[in-house]
Amino acid sequence: MSTEGMRLRTLYLPGNAWVLAVSAAFWTVGGSIVNPYQSIFFEAVGTPLPFIGVLAALSSVVTAITYLVGGYIADTWGRRKVIVVFSFVSAANSFIYFFVKSWPELFIPVTVGAISGLYTPAFNATLNDSMKTELRPRGFASFTILTTIPSVFSPFIGGLLMQALGDVEGLKIGFFVSGLLGVVSVTWRALRLKETFKPSRSDSLSLTQFVIRVVRHNISAYRQASANAKKLIIYSALSSVATGLSTLYVSIYVIKGLKLPPTYYGLLTGLSALTTILLLLPAASFVERFGLKRAAVLSALSSPLSMLVFVSANGMNDLIAWSMTGGVSGALTSPTIQSLQGNVVPAELRGRLMAMFSVVPLLVSTPAQIASGVLFTYVSRLAPFIVSIPFYAISVYILTTLRLDDSKH
């Protein structure tokens, strides 16, 4: 494999992007068995419905903190070490779910999983470091294709396990498989990944000095950010409120409320993933031809459309339409928003601002996730999904205000 980059037909995954994509794809084979059903697992071990939102909110707060630290580390210590160490922590966390016996014990894997996200800013920065600016849309599309392939078939396996062994025991087997495949994937990642960013110097700091520097450097990075970067942070925050409201209780609503068998829900999840895969490269070509801003606005519009289809669903045909609309949304979002973020952020700020693109949304999604549980439990099973639609709509408007020198890049 050339260090300058590689193409698999029309895919573009240069150097480390290839290593990250392959390792993430193999890891996702296990993760996709359980991820679509995580809320079902939480409920099955006895978690009161509103507390599912509280657990998600806890995860968001802890993850936000770790992303800030992770962004600082990515820009001051380098990318590789933090990716390798905390990828192992994340993979091993699946084994903790396997041993959960009662719902209060869920706070342990939820918290550990959030802490393991420390490597995410470095991961995202490495992907951007590895790609040429003009080829980022195709690069992120290629990355998403590889990492989405397991989501076509693995959710169905999760549904089969639930129907054969029950919600708890079936998903515990899924978590164990996820842990095994995660450890294997991360081991290969550790052996193949190369450093992409060497900071000019590194200091030995006390814990207090470290925390102060993290806060100061992240504030400084935000002040140095361009107007477009700040607008993208606002967009991410608004869309995160919408997803915080709309995604947490989807599996419970469909499987428990609409009485859809878990295998059918797995097929719907797989259909959405397949739609995304089939459309990603055409979407990347559309971005390269017509420009990032137009594509970004279209990708944002697809999210409220998908939610409108969901809340009006009245049968399997409608759910299939919702699944495919969600797949279209996924295909459009990956090569546009991620490319925009990479293009408006200079390399020396990339770790911290990539973290901020995640941190701000995580913080604002915390009350949304709690509100989602309250709305779902005490108002209406459709209430959180309906309330999310205006937030999606406002986020679309924010994207229309971007000012890009070259709309194609």
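No experiment lies behind these values; they were computed from the predicted model shown. (Residues numbered from 1 in each chain as written. Predicted model: local features only at pLDDT ≥ 70, side-chain atom pairs only at ≥ 80, totals over all residues. Heavy atoms only, no water.)

Peer 1: What is the right way to look at the overall build of the protein in this model?
Peer 2: If you tally the helices and strands in the protein, you get 17 helices and zero strands. If you take every contact in the protein between residues at least 6 apart in sequence, the share linking residues at least 24 apart comes to 87%. By element, 65% of the accessible surface of the protein is carried by carbon and sulfur atoms, the whole surface being about 17000 Å². (Helix = DSSP H or I, 4+ residues; strand = E, 2+ residues; numbered from the N terminus. Contact = heavy atoms within 4.5 Å. Areas by Shrake-Rupley, 256 points an atom, 1.4 Å probe, with all protein chains shown as cover.)

Peer 1: Honestly, the environment of Arg-189 in this entry has me stumped. Any pointers?
Peer 2: With respect to the helices and strands, the residue Arg-189 is situated in helix α9 (residues 167-192). On the basis of relative accessible area, Arg-189 is assigned to the buried category, the value being 1%. Arg-189 sits 106 residues away from Ile-83 along the chain, and the two C-alpha atoms are 9.1 Å apart. Sequence-distant contacts of Arg-189, defined by excluding residues within four places in its chain, comprise Val-19, Leu-20, Ser-23, Ala-24, Trp-27, Ile-83, Ser-87, Tyr-119 and Phe-123. (Buried < 20%, exposed > 50% of the residue type's maximum accessible area, 1.4 Å probe, protein only.)

Peer 1: Got a minute to help me understand the packing of aromatic side chains in this structure?
Peer 2: Here the distance between the centres and the angle between the planes together describe a pair of aromatic rings. Evaluation of the coordinates by the stated rule reveals 17 aromatic pairs. With a centroid separation of 5.1 Å and 50° between ring planes, the pair formed by Phe-98 and Phe-176 is classed as tilted. Taken together, the positions of Phe-98 in helix α4 (residues 80-98) and Phe-176 in helix α9 put the pair 78 residues apart, joining distant regions of the chain. A relative accessible area of 33% means that Phe-176 is categorised as partly exposed. Members of the aromatic cluster, each reached through a chain of ring pairs, are Phe-41, Phe-42, Tyr-97 and Phe-175. (Phe/Tyr/Trp six-rings, centres within 6.5 Å; stacked < 30°, edge-to-face > 60°.)

Peer 1: Sorry if this is basic, but what is going on with a nonpolar patch on the surface here?
Peer 2: A contiguous nonpolar surface patch, about 420 Å² in accessible area, is contributed by Tyr-264, Leu-267, Met-316, Ile-320 and Met-324. Residue assignment for the nonpolar patch shows that the elements contributing at least two residues are α13 (262-290) and α15 (316-344). Looking at the element boundaries, Tyr-264 is found in helix α13. (Patch = residues over 30% accessible without salt bridge, like charges linked within 9 Å, V, L, I, M, F, W, Y side chains within 5 Å. Salt bridge = Lys/Arg side-chain N within 4 Å of Asp/Glu carboxyl O.)

Peer 1: I'm lost on the packing of α4 against helix α5 (residues 107-116) in this one. Help?
Peer 2: In a pair of packed helices, the angle between the axes and the distance between the axes together describe the arrangement. Packing of α4 against α5 brings their axes to within 8 Å, and their N-to-C directions diverge by 165°. For the element pair α4 / α5, the angle class is roughly antiparallel. Considering how the two elements wind past one another, α4 and α5 form a crossing that is left-handed. When α4 is examined against α5, the residues Phe-86, Val-89, Ser-90, Asn-93, Ile-96 and Tyr-97 are found in contact with a partner set consisting of Ile-108, Pro-109, Val-110, Val-112, Gly-113, Ile-115 and Ser-116. Here the contact of α4 with α5 is composed, by residue class, of nine nonpolar, four polar and no charged. (Axes fitted to C-alpha atoms, helices over the stretch in contact; angles between N-to-C directions. Parallel < 35°, antiparallel > 145°, perpendicular 65-115°, else oblique. Left-handed = near helix turned anticlockwise from the far one by under 90°. Nonpolar A, V, L, I, M, F, W, Y, C, P; charged D, E, K, R; others polar.)

Peer 1: Got a minute to help me understand the confidence of the model for the protein in this structure?
Peer 2: In this model, the protein carries an average pLDDT of 84, and 90% of its residues clear a pLDDT of 70 or more. Element-level pLDDT for the protein is lowest in helix α10 (residues 207-224), with a mean of 69, against a maximum mean of 95 in helix α2 (residues 38-44). Here residues 1-9 scores under 50 on pLDDT; set against residues more than four positions off or in separate chains, the count is 18 contacts. (pLDDT = per-residue confidence, 0-100.)

Peer 1: Hey, could you run me through the packing of helix α7 (residues 136-148) against helix α8 (residues 150-165) in this one?
Peer 2: Where α7 meets α8, the axes come as close as 6 Å, and the angle between the chain directions of the two elements is 25°. As summarised for this structure, α7 and α8 are arranged roughly parallel, according to the angle between their axes. Counting all contacts with α7, which are made through Leu-146, Thr-147 and Thr-148, the residues of α8 involved are Pro-150, Ser-151 and Val-152.

Peer 1: Honestly, the side chain of Thr-263 in this entry has me stumped. Any pointers?
Peer 2: Tracing the backbone through its elements, the reader meets Thr-263 in helix α13. Aside from chain neighbours lying at most four places away, what touches Thr-263 is Phe-156, Gly-159, Leu-160 and Gln-163.

Peer 1: I would appreciate a short explanation of unusual backbone geometry in the present structure.
Peer 2: Glycine aside, residues mostly have negative phi angles, and peptide bonds mostly take the trans form. Here the phi dihedral of Lys-259 falls at roughly 60°; this positive angle occurs in a residue that is not glycine. If you trace the backbone, Lys-259 turns up in the loop between α12 (250-257) and α13.

Peer 1: I tried to follow α5 on my own but got confused; where do I start?
Peer 2: Considered for burial, the residues of α5 that qualify are Pro-109, Val-110, Ala-114 and Ser-116. An end-on view of α5 places all buried positions within 160° of arc, on one side of the element. On its buried face, α5 sits against α2, α3 (49-76) and α4. (Arc of directions from axis to C-beta.)

Peer 1: What is the right way to read α3 from this model?
Peer 2: Given 3.6 residues to a turn, an α-helix orients residues that are three or four positions apart in the same direction. Between its first and last C-alpha, α3 extends 42 Å over 28 residues, near the 40 Å set by a 1.5 Å rise per residue. Most of α3 is tucked away: 20 of the 28 residues are buried. (Expected span 1.5 Å × (residues − 1).)

Peer 1: What's the story with the side chain of Thr-126 in this structure? I'm lost.
Peer 2: Mapped onto the elements of the fold, Thr-126 is located in helix α6 (residues 120-130). Taking relative accessible area as the criterion, Thr-126 reaches 2% and is therefore assigned buried. Those residues within four positions of Thr-126 in sequence are excluded, and the remaining contacts are Asn-16, Leu-20, Arg-79, Ile-83 and Thr-196.

Peer 1: What is the right way to look at the pattern of salt bridges in this model?
Peer 2: Opposite charge on two side chains permits pairing when their charged atoms draw close. In this structure the tally under the stated criterion is two salt bridges. In this structure, Asp-167 engages Lys-256 in a salt bridge whose closest nitrogen and oxygen atoms are separated by 3.2 Å. Residue Asp-167 is located in helix α9, and its partner Lys-256 is located in helix α12; the two are separated by 89 residues in the primary sequence.

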